[in-house]
Amino acid sequence: MAKKKPLVVVTRKLPDVIETRMRELFDTRLNETDQPMTQAQLVDAVKSADVLVPTLTDRIDSALLSQAGDQLKLVATFANGVDNIDVDTANTRGITVTNTPGVLTEDTADMTMALILAVPRRLAEGIKIVEEDTWSGWSPTWMLGHRIWGKRLGIVGMGRIGTAVARRAKAFGMSIHYHNRRRVPAPVEEELEATYWESLDQMLARMDVVSIHCPHTPGTFHLLSARRLKLMKPESYIVNTARGEVIDENALSRMLDAGELAGAGLDVFEHEPAVNPRLAKSPRVLLLPHMGSATIEGRIDMGEKVIINIKTFMDGHRPPDRVLPSML
């Protein structure tokens, strides 16, 4: 007799090729409207599903997990980060958590580099001027930005994405500096000609551009606090394609308004999808709607990782992308 397929509940719409394969392999309940699930719908999902496939917009906290049925054994998130999931509670309740690491590296690094280029050269302002038909012609002193060749880039979090950004930035003639919990291997440092700073404060004070690439954890919440932001040079720029909670947005907006920072490029926000009104109005900021990893190739790669994690787990093996509390 054929083995009963596990019930897999997917909280958001995924690429068609991924949804089709999931339907083939599992008893899959899809979200055809792509509207975020309500709390009641999430409760219903964890009460009935063998496997839950959430995304970073779903809050899988202890209150939700406490209502899960005994049959829920796997939360296979369609995301790289797991800051929206109470991994400790899941582990205590015997629920395995997996994520999709590695596949978003190049896409996010590309978008980061785009912001590093766009903000100092005032691309958003230039586009707006053309769109509003207020351009009166070329002038040698008009719309002047700053070159990035020869500038110092400070990377906060030198993991996969931070390293990929460093490789791109080096090709654009930037000097690479980084702060991380531990130094990267010597061959990587040598390849990038990177300077390691044990002190984040000391690094921030010396950089022309700072790029954030650390995950959001209790330890990194407002890592870029008002005090640390004030260490940066008034002519420096900050770029964030990681998580909005890492920067104190209120402090950032105040400093931008006061001219204490030259500009910012933000793809993520502290209270997504809400955007701080002061940031939204600032001419010094280029804002994007969390699209750093938004490529067709990347989303398909993520879906394939989710499928592999589910299939491996259901076959009785340890899934390749298991997340343990000790890893956070």
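Per an unreviewed UniProt entry, the recorded name for the protein is Glyoxylate reductase, and the organism is Rhodobium gokarnense. In its Sequence similarities (unreviewed entry) section, the UniProt record describing the protein reads: "Belongs to the D-isomer specific 2-hydroxyacid dehydrogenase family."

Asks: Which residues make up the sheet that holds strand β9 (residues 209-212), and what values go with them?
Replies: Read from one edge of the open sheet, seven strands run β8-β7-β6-β9-β10-β11-β12, paired in parallel fashion. The open sheet terminates on both sides in strands that have one partner only, identified here as β8 (195-196) and β12 (285-287). Pairing analysis gives five bridges linking strand β6 (residues 152-156) to strand β7 (residues 175-179), with the strands arranged parallel. Bridging from a neighbouring strand, V156 pairs with H179 of β7. Contacting β6 and β7, helix α7 (residues 160-171) crosses the sheet at an angle of about 170° to β6.

Asks: Just give me the short version of the sheet that holds strand β3 (residues 51-53), but keep the residues and values in it.
Replies: On the basis of which strands lie adjacent, the open sheet formed by five strands has the order β2-β1-β3-β4-β5 and parallel pairing. Of all strands in the sheet, those with a lone pairing partner are β2 (27-29) and β5 (96-98), marking the two edges. With strand direction ignored, the average angle separating the axes of adjacent strands in the sheet is 20°. Here three bridges tie strand β1 (residues 7-10) to β3, and the two strands are oriented parallel to one another. Of the residues in β3, the one forming a bridge with V10 is V53.

Asks: Describe the UniProt feature "domain: D-isomer specific 2-hydroxyacid dehydrogenase catalytic" (unreviewed entry) in the protein, with residues and values.
Replies: Those places that UniProt annotates as "domain: D-isomer specific 2-hydroxyacid dehydrogenase catalytic" (unreviewed entry) correspond, in this numbering, to residues 10-323. The straight-line gap between the two end C-alpha atoms of residues 10-323 is 19 Å; of that span, 36% is helix and 13% is strand.

Asks: How would you sum up the environment of D86? Please name residues and give values.
Replies: Assignment of secondary structure puts D86 in the loop between β4 (74-76) and α4 (87-92). Here D86 falls in the partly exposed class, since its relative accessible area comes to 24%. Residues D86 and L65 lie 21 residues apart in sequence; the distance between their C-alpha atoms is 8.3 Å. The contacts of D86, once residues within four sequence positions are left out, are I60, D61, S62 and L65. Only 3.3 Å separates the side chain of D86 from the backbone nitrogen of D88, close enough to count as a polar contact.

Asks: So, empty space enclosed by the protein: which residues are in play, and what are the values?
Replies: The rolling of a water-molecule-sized probe over the atoms marks out the regions of remaining empty space. A complete count under the given rule lists one cavity of 30 Å³ or more for this structure. Reported here for the largest cavity is a volume of approximately 30 Å³. As for the largest cavity, its lining consists of V87, A90, N91, I95, T96, V97, R322, V323 and L324. At the level of elements, α4 and β5 are the ones that each hand at least two residues to the lining of the largest cavity. For the lining of the largest cavity, the element with the most residues is α4, which contributes three residues. In terms of residue class, the lining of the largest cavity is made up of six nonpolar, two polar and one charged.

Asks: Could you give an account of the UniProt feature "domain: D-isomer specific 2-hydroxyacid dehydrogenase NAD-binding" (unreviewed entry) in the protein, with specific residues and numbers?
Replies: Annotation from UniProt places "domain: D-isomer specific 2-hydroxyacid dehydrogenase NAD-binding" (unreviewed entry) at residues 113-292. For residues 113-292, the end-to-end C-alpha separation is 10 Å, with 32% helix and 15% strand making up the annotated structure.

Asks: Give a detailed account of the pattern of salt bridges, specifying residues and quantitative values.
Replies: A complete count under the given rule lists 20 salt bridges for this structure. Here K170 makes a salt bridge to E193, at a shortest N to O gap of 3.4 Å. Of this pair, K170 sits in helix α7 while E193 sits in the loop between α8 (186-192) and β8, placing them 23 residues apart in sequence. Residue classification places K170 among the partly exposed residues on the basis of a relative accessible area of 30%. Among the ionic pairs, R228 bridges to D201, the shortest N-O distance being 2.7 Å.

Asks: Explain the layout of surface pockets residue by residue, including any values.
Replies: Here the second largest pocket is characterised by a volume of approximately 430 Å³. Taken together, 24 residues make up the lining of the second largest pocket; nearest its centre are R122, E125, P283, R284 and V285. At four residues, the largest contribution of residues to the lining of the second largest pocket is made by helix α6 (residues 123-131). Classifying every residue of the lining of the second largest pocket by side-chain character gives 15 nonpolar, four polar and five charged.

Asks: Give me the lowdown on a nonpolar patch on the surface, citing residues and values where you can.
Replies: A surface patch of nonpolar side chains, about 560 Å² in accessible area, is lined by V130, W135, W138 and W142. Relative to the helices and strands, W135 resides in the loop between α6 and β6.

Asks: Outline helix α11 (residues 249-257), supporting the account with residue identities and numerical values.
Replies: Within the sequence span of α11, burial applies to E249, A251, L252, S253, M255 and L256. Residues of α11 that are buried sit in contact with α10 (226-229), β10 (237-240), β11 (263-266), α12 (277-281) and β12. Between the side-chain oxygen of the N-cap and the backbone nitrogen of N250 there are 3.2 Å, and the N-cap of α11 in question is D248. In the segment just after α11, G259 is the residue with positive phi, at about 75°.

Reading the values: the criteria
Residues numbered from 1 in each chain as written. Predicted model: local features only at pLDDT ≥ 70, side-chain atom pairs only at ≥ 80, totals over all residues. Heavy atoms only, no water. UniProt positions renumbered as here; feature names shortened; annotations may be inferred. Pairing = 2+ DSSP bridges. Helix = DSSP H or I, 4+ residues; strand = E, 2+ residues; numbered from the N terminus. Contact = heavy atoms within 4.5 Å. Axes fitted to C-alpha atoms, helices over the stretch in contact; angles between N-to-C directions. Buried < 20%, exposed > 50% of the residue type's maximum accessible area, 1.4 Å probe, protein only. Polar contact = N/O pair within 3.5 Å; in protein donor to acceptor, adjacent residues only side chain to side chain. 1 Å grid on protein atoms, 1.4 Å probe; cavity = no way out; pocket = protein on both sides within 12 Å on 5 of 7 lines; lining within 4 Å. Points joined across faces, edges and corners; volume = space filled by probe spheres on them. Nonpolar A, V, L, I, M, F, W, Y, C, P; charged D, E, K, R; others polar. Salt bridge = Lys/Arg side-chain N within 4 Å of Asp/Glu carboxyl O. Patch = residues over 30% accessible without salt bridge, like charges linked within 9 Å, V, L, I, M, F, W, Y side chains within 5 Å. Areas by Shrake-Rupley, 256 points an atom, 1.4 Å probe, with all protein chains shown as cover.

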